Amino acid sequence: MPRRVETELLEPERYELHEPTPYKFEVNRREFIEIVGAGLLITTAGAVVLTKDGYAQGGPSRGAEGTLAARLHIGEDGAITVMTGKVEVGQGSRTQLTQAAAEELRVPVGQVRLIMADTQLVPDDGATAGSRTTPSTVPAVRRACVAARDVLVAAAAKQWSVANDVIEVRDGEAVDQVGARRLSYADLAKSPGLTPAYAAALPGDVTLTPVKDWKVLGTSVAKVAGRDVVTGTHDYPSDIKRPGMLYGAVLRAPSYGAKLVSVDLGPTEKMEGVTAVRDGGFVGCSALTSWAAKAAVDAIAKTANWETSPHPSSSELFSVLKNTAVMGSETRRAPRERTTGSLAEGLAAAEKSLQATYEVAYIQHVPMEPRAAVAEWAGGQLTVWTGTQRPNGVQEQLADAFQLSVQNVRVIVPDTGGGFGGKHTGEVAIEAARLAREAGRPVSLRWSRQEEFMWAYFRPAGYFELEAGLGRDGSLLAWDFANYNSGRAALESPYRIPHTRTRFIYCNSPLREGSYRGIAATANNFVRESFMDELATAAGKDPLTFRLSNLDNSRLRDVLEAAATQFRFAERLKERKAGRGVGIAGGTEKGSYVAACVDVSTDRERGTIRVNEICMAYECGAIQNPNNLRAQIEGSIIQGLGGGLTEEIRFENGKLLNGRMAQYDVPRFKNVPTIEVVTLNRTDLPSVGAGETPIIAVAPAIANAVFDATGVRIRSMPIRGEALMKA
Amino acid sequence: MAVVIRLTVNDEQHEVRTDPYRPLLDVLREDLQLTGTKYGCGEGQCRACTVLLDGKPVTSCRTPATNAAGKTIVTVEGLAANGDLHPVQEAFLEKQAMQCGYCVPGMILTTVGLLEQNPHPSDEQIVEWMNGNLCRCCAYPNILLAVRQAAAKSNPTEIAEAHDAKTR
């Protein structure tokens, strides 16, 4: 399994990682000298950069190695600071990692403080992506905390001249057998002579607390810093204030692909407090207020000449993808293909075969907080506070854009207003830094909602071609699945099929693409689980029986059965009410297993689909925080209704047709159905992440319920209600 | 071009020199450093920027600063008194009605505005009233629980009195 997870980890970043830094600025001589000088300083003081040593790059094992000192600091007051490169974007990583540390240190949750995603202070734990915090970073933090606890035990044993194993640690203190002698973490911090192991490399063989003994993990610890959220005192990236700080705005092209031919900064010269800069294709202003910065950019925009280029429109999207498919001439982007058995043989032996094509639109993440950054220069050193899921990636982008060494760039990620895979890149950080360098003062830059819609990246669109063959008894014999452009996550079918061909085919996407919650698993699972329903109908079986009869994987069977039982799927499938229908879908991705049953109402005359009820069963190994898990499942379900039913990016002539909040339909309170969540707590299995995978079962279950209600199979995501009017 | 306006924000008087069309949101965040009020869309479509203007929830991103002149404004920073949370804040915290939390200040003030004019809203009235507020983490179920809990604490006068009594 680890091998497979590793492959999946790389998948979400496929699009971002190869994208060049959006700007590369000229370095002037004065700055060059400053940079070299500072760089030497940093080199001399290299030991302070704890984070760079001992951490393997490029794999999920990042953060597993290193010294205790890089991960943990114990104050003389007993306060324990744990350091991690992960970020908090609403998924609950701060709380979960705090729990993990408290569990292994045997201290109350309140005694642990977490420093997250400050490149100068914390280890590089990789991107906050791919649901890796739970399976990778939680164990890394736990190992360090066990090691720290062992240091405490060893110190106590030494001081009391007893064996380690008669000492127990509870409530932050080592206690001897009779409870007569105590040694706390604070005592330890005050006695440096007791802690030779602290600077040494972490031992590899520490034993984590088994699930049955968990006291803090496995409980619903409330969101750390929740009080700051309700009082409005938590500083998100867009809330960071620095002395003398200005506000920025950036000139944007009128359409995709437009090149700036000429522009006149003259109109800003008489504007009070405004600094304007043009550097290659970059033009922006800083001013005392964001209003003034925007006014300055608007004045410049009137003088700008752009050279536009043709750009495809969303109405022709799927033929564009198909026509630009890379079928093997380029080695780097050759189709990825996996086969089992012989597809031709399987299809030839089939009693029945079925073909279909499916489409999946681009959608946007629409995090509540758009991209934001505050940049500040001191000498040749740059500090940027920004909302990103890849702090070290953004640090590298900044270093590249300004031709600095990474040691001279510090990226700090305050807990951020939503990510959903949409904040892996550093555009806003680079722009804020360029404005700040020009102004000689810190600059805060926050993208407008329209900028976020147009210039952030999108979840990839996809086009799919499928063919499958069924045996006389309704068993799956052959399976041919081709995904154009949308990505490889959950590409493989979890069902038992002897003859398969599964392909992912690269295309030239008209829009900029990147990660999204669940990435391509949502598209692949929508297509697969919709087509499974088509096959069930062809086989003359009900959707649940058909799936179970073609499925060996016991974990997926368990969630399908749990959801179906709770929802009374079999009984409700037989009930017939006008316009009402039920559907089921399952799936697995990133080590989690999910199944959903939904109940929909349809109105064919009006072309509407309403989800009344959804019941989801979910299994992600041993549950670490039940309430947060439930919140992630509920959030995924409702967010999934958007991509499932209403969200799609439309564009024409290089412009978005619906790039405003009023035009782009995301789920609101009125869309919330009755939700039932069944979690299967497999305490015998390792915990895996759950922030993404619940979303993959939502759309196909809806499409299947719409078919049950109307007999109409809608082969597109979003599942557009208008399709019912035409059918 | 610039005008001087007087604002009463969270019981404090302020005199602000500003362009008259500048959004109240910018004045609160940039001039008064009250960053608890959030920008979400600039279109009045997500209501992350909700504040109370003379007791009524408004989208501060679409409210020109001059429209607030001489009026009383309450932001999320003005709800808790002497460290004691407002009952609506308490309800949001108790029900864990937040994921990233960015929409929460707007949600809380919209709820305070609801209970001000309708102390005993039905579930349908709550959904109708709150529907303008977006949460992209889709923490709606817990937010609804929080609003219901706050509403269950009966009428706003009682809430206000209980709050005052606690903070005294």
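Residues numbered from 1 in each chain as written. Chains lettered and ligands numbered in written order. Predicted model: local features only at pLDDT ≥ 70, side-chain atom pairs only at ≥ 80, totals over all residues.

Participant: Account for the overall build of chain A, naming residues and giving values.
Facilitator: The helix and strand tally for chain A stands at 21 helices and 27 strands. In terms of C-alpha radius of gyration, chain A reaches 27 Å, essentially the compact-globule figure of 27 Å for 727 residues. Projected onto its principal axes, the C-alpha positions of chain A cover 80 × 75 × 50 Å. A sequence separation of at least 24 residues applies to 77% of the contacts in chain A between residues at least 6 apart. (Helix = DSSP H or I, 4+ residues; strand = E, 2+ residues; numbered from the N terminus. Rg over C-alpha atoms; globule rule 2.2 N^0.38 Å. Contact = placed C-beta atoms within 7 Å.)

Participant: Which residues make up the overall build of chain B, and what values go with them?
Facilitator: Broken down by element type, chain B carries six helices and five strands. The order of helices and strands in chain B, counted from the N terminus, is β-β-α-β-β-β-α-α-α-α-α. Taken against the 2.2 N^0.38 rule, which gives 15 Å for 168 residues, the C-alpha radius of gyration of chain B at 16 Å falls within 12% of a compact globule. If one aligns the C-alpha atoms of chain B with their principal axes, the spans along those axes are about 50 × 35 × 25 Å. A burial count over chain B gives 55% of its 168 residues as buried. Within chain B, contacts between residues separated by at least 24 positions form 61% of all contacts whose residues are at least 6 apart in sequence. (Buried ≥ 20, exposed ≤ 12 C-beta atoms within 10 Å, placed from the backbone.)

Participant: Tell me about the interface of chain A and chain B, residues and numbers included.
Facilitator: With 47 residues of chain A at the contact, the number on the chain B side is 44 residues. Listed by contribution, the elements that provide at least two residues to the side of chain A that touches chain B are helix H8 (226–231), helix H9 (290–301) and helix H19 (626–646) of chain A. With six residues, H19 of chain A is the largest single contributor of residues to the side of chain A that touches chain B.

Participant: Which residues make up H9 of chain A, and what values go with them?
Facilitator: With 12 residues, H9 of chain A should cover 16 Å at 1.5 Å per step; its first-to-last C-alpha distance of 16 Å lies within 8% of that length. Here H9 of chain A has its buried residues at Ser290, Trp291, Ala292, Ala293, Ala295, Ala296, Val297 and Ile300 of chain A. Of the surrounding elements, those touching the buried residues of H9 of chain A are strand E7 (246–250), strand E9 (275–279) and strand E10 (282–287) of chain A together with helix H1 (24–31) of chain B. (Expected span 1.5 Å × (residues − 1).)

Participant: An account of the sheet that holds strand E2 (residues 80–84) of chain A is requested, with residue identities and associated values reported.
Facilitator: Pairing between the strands of a sheet comes from backbone hydrogen bonds, and it takes one of two forms, parallel or antiparallel. Residue and element names in this part refer to chain A. Here three strands make up an open sheet; going across it, the order is E1-E2-E3 and the pairing mixed. The open sheet terminates on both sides in strands that have one partner only, identified here as strand E1 (72–74) and strand E3 (112–116). Across this sheet, the average inter-strand angle for adjacent strands is 20°, counted without regard to direction. Bridge count for E1 against E2 is three bridges, and the pairing is antiparallel. For Leu72, the partnering residue across the bridge sits in E2 and is Val82. Its contacts with the sheet put helix H5 (residues 93–105) on E2 and E3, and the angle it makes with E3 is roughly 135°. (Pairing = 2+ DSSP bridges. Axes fitted to C-alpha atoms, helices over the stretch in contact; angles between N-to-C directions.)

Participant: An account of the sheet that holds strand E19 (residues 476–484) of chain A is needed here, citing residue identities and associated values.
Facilitator: Residues and elements named next belong to chain A. If you trace the six strands from one edge of the open sheet to the other, you get E12-E20-E19-E18-E13-E27, paired in mixed fashion. Looking at the sheet topology across the chains shown, the edges are occupied by strand E12 (336–340) and strand E27 (716–717). Summarising the sheet, strand E13 (residues 352–360) and E27 pair through two bridges and their orientation is parallel. Its bridge partner lying in E27, Glu359 is registered against Ser716.

Participant: Would you mind going over the pairing of strand E3 (residues 50–53) of chain B in detail, with residue names and values included?
Facilitator: Residue and element names in this part refer to chain B. Two elements, E3 and strand E4 (residues 56–59), share four bridges in a ladder whose sense is antiparallel. In the sheet register, Leu52 faces E4, and the bridge partner there is Pro57. Between E3 and E4, which pair antiparallel in sequence order, lie two residues; one of them, Asp54, sits at a positive phi of approximately 45°. Strand direction decides the pairing type here: E3 and strand E5 (residues 72–74), joined by two bridges, are antiparallel. If you follow Leu53 over to E5, its bridge partner there is Ile73.

Participant: I'd like a description of helix H6 (residues 133–160) of chain A, backed by residues and values.
Facilitator: Residues and elements named next belong to chain A. For H6, built from 28 residues, the straight-helix expectation of 40 Å at 1.5 Å per residue is met to within 8% by its first-to-last C-alpha distance of 39 Å. Burial of H6 is extensive: 20 of the 28 residues sit out of reach of the surface. Immediately beyond the C-terminal end of H6, within one or two residues, lies Ser161, with a positive phi of roughly 50°.

Participant: Explain the environment of Gln91 of chain A to me, using residue names and the numbers behind them.
Facilitator: Residue and element names in this part refer to chain A. For Gln91, the location among the structural elements is in the loop between E2 and H5. Given 29 C-beta atoms within 10 Å, Gln91 falls into the buried group. With 600 residues separating them along the chain, Gln91 and Gly691 place their C-alpha atoms 6.3 Å apart. Once residues lying within four places of it in the same chain are set aside, the contact partners of Gln91 are Gln632 and Gly691.

Participant: An account of the packing of helix H3 (residues 104–117) of chain B against helix H5 (residues 140–152) of chain B is requested, with residue identities and associated values reported.
Facilitator: Residues and elements named next belong to chain B. Running from amino to carboxyl end, H3 crosses H5 at an angle of 35°, the nearest separation of the two axes being 11 Å. By crossing handedness, the relation of H3 to H5 is classed as right-handed. Here Met107, Thr111 and Leu115 of H3 lie close against H5, whose contacting residues are Ile143, Val147, Ala150 and Ala151. Residue classes in the contact of H3 with H5 are distributed as six nonpolar, one polar and no charged. (Left-handed = near helix turned anticlockwise from the far one by under 90°. Nonpolar A, V, L, I, M, F, W, Y, C, P; charged D, E, K, R; others polar.)

Participant: Residue-level account of the nonpolar core, with values.
Facilitator: Residue and element names in this part refer to chain A. Ranked by size, the top nonpolar core spans 258 residues in total, and within it Ala432, Ala563, Ala596, Cys597, Met616 and Ile702 carry the most contacts. In terms of residues, this core owes the most to one element, H6, which gives 12 residues. Setting aside anything within four residues of it in sequence, one finds Ala563 in contact with Ile584, Ala595, Ala596, Cys597, Cys615, Met616, Ala617 and Val678. (Core = buried A, V, L, I, M, F, W, Y, C linked by C-beta atoms within 7 Å.)

Participant: So what about the environment of Arg472 of chain A? Which residues, and what values?
Facilitator: All names here are of chain A. Assignment of secondary structure puts Arg472 in the loop between strand E18 (462–470) and E19. The exposure class assigned to Arg472 is exposed, which follows from the 11 C-beta atoms found within 10 Å. For the pair formed by Arg472 and Ala539, sequence separation is 67 residues and the distance between their alpha carbons is 8.3 Å.

Participant: Before we move on, can you summarise the packing of helix H15 (residues 521–539) of chain A against helix H20 (residues 698–710) of chain A with the specific residues and values?
Facilitator: Helix packing geometry: the angle between the two helix axes and the distance between the axes. All names here are of chain A. Their axes nearest at 8 Å, the elements H15 and H20 cross at an angle of 30°. It follows that H15 is roughly parallel to H20 by the angle criterion. Note that H15 runs across H20; the crossing there is right-handed. Every residue of H20 that contacts H15 at Thr522, Asn525, Phe526, Glu529, Ser530 and Asp533 is listed here: Ala699, Pro700, Ala703, Asn704 and Phe707. Considered class by class, the residues forming the contact of H15 with H20 number five nonpolar, four polar and two charged. (Parallel < 35°, antiparallel > 145°, perpendicular 65-115°, else oblique.)

Participant: Could you give an account of the confidence of the model for chain A, naming the residues involved and the relevant values?
Facilitator: Residues and elements named next belong to chain A. Looking at chain A as a whole, its pLDDT mean stands at 90, while 90% of the residues score no less than 70. This model gives residues 1–17 a pLDDT under 50, and the stretch forms 30 contacts once residues within four places in sequence are excluded. A low-confidence stretch, residues 29–65 (pLDDT under 50), is modelled with 58 contacts involving residues beyond four sequence positions or located in other chains. (pLDDT = per-residue confidence, 0-100.)

Participant: Run through the environment of Arg113 of chain A, naming residues and quoting values.
Facilitator: All names here are of chain A. Mapped onto the fold, Arg113 is located in strand E3. Taking the C-beta count within 10 Å as the criterion, Arg113 has 15 such neighbours and is therefore assigned partly exposed. Taking the C-alpha atoms as reference points, Arg113 and Arg576, separated by 463 residues in sequence, lie 56 Å from one another.

Participant: Provide a residue-level description of the pairing of strand E21 (residues 580–589) of chain A, including the pertinent values.
Facilitator: Residues and elements named next belong to chain A. Of all 10 residues that make up E21, nine are buried, and the element is covered over most of its length. Two elements, E21 and strand E22 (residues 592–603), share 10 bridges in a ladder whose sense is antiparallel. Paired with Gly581 across the two strands is Val600, which belongs to E22. From the end of E21 to the start of E22, which pair antiparallel, there are two residues, and Lys590 there has a positive phi angle of about 55°.

Participant: An account of unusual backbone geometry is needed here, citing residue identities and associated values.
Facilitator: All names here are of chain A. Here the amide bond leading from Met717 into Pro718 is cis, since omega sits at 5°, within 30 degrees of zero. The phi dihedral of Ser161 falls on the positive side, at around 50°, and the residue is not glycine. When the 6 C-beta atoms within 10 Å are taken as the criterion, Ser161 is described as exposed. Of note in this structure, Arg568 is not a glycine but carries a positive phi near 60°. Residue classification places Arg568 among the partly exposed residues on the basis of 13 C-beta atoms within 10 Å.

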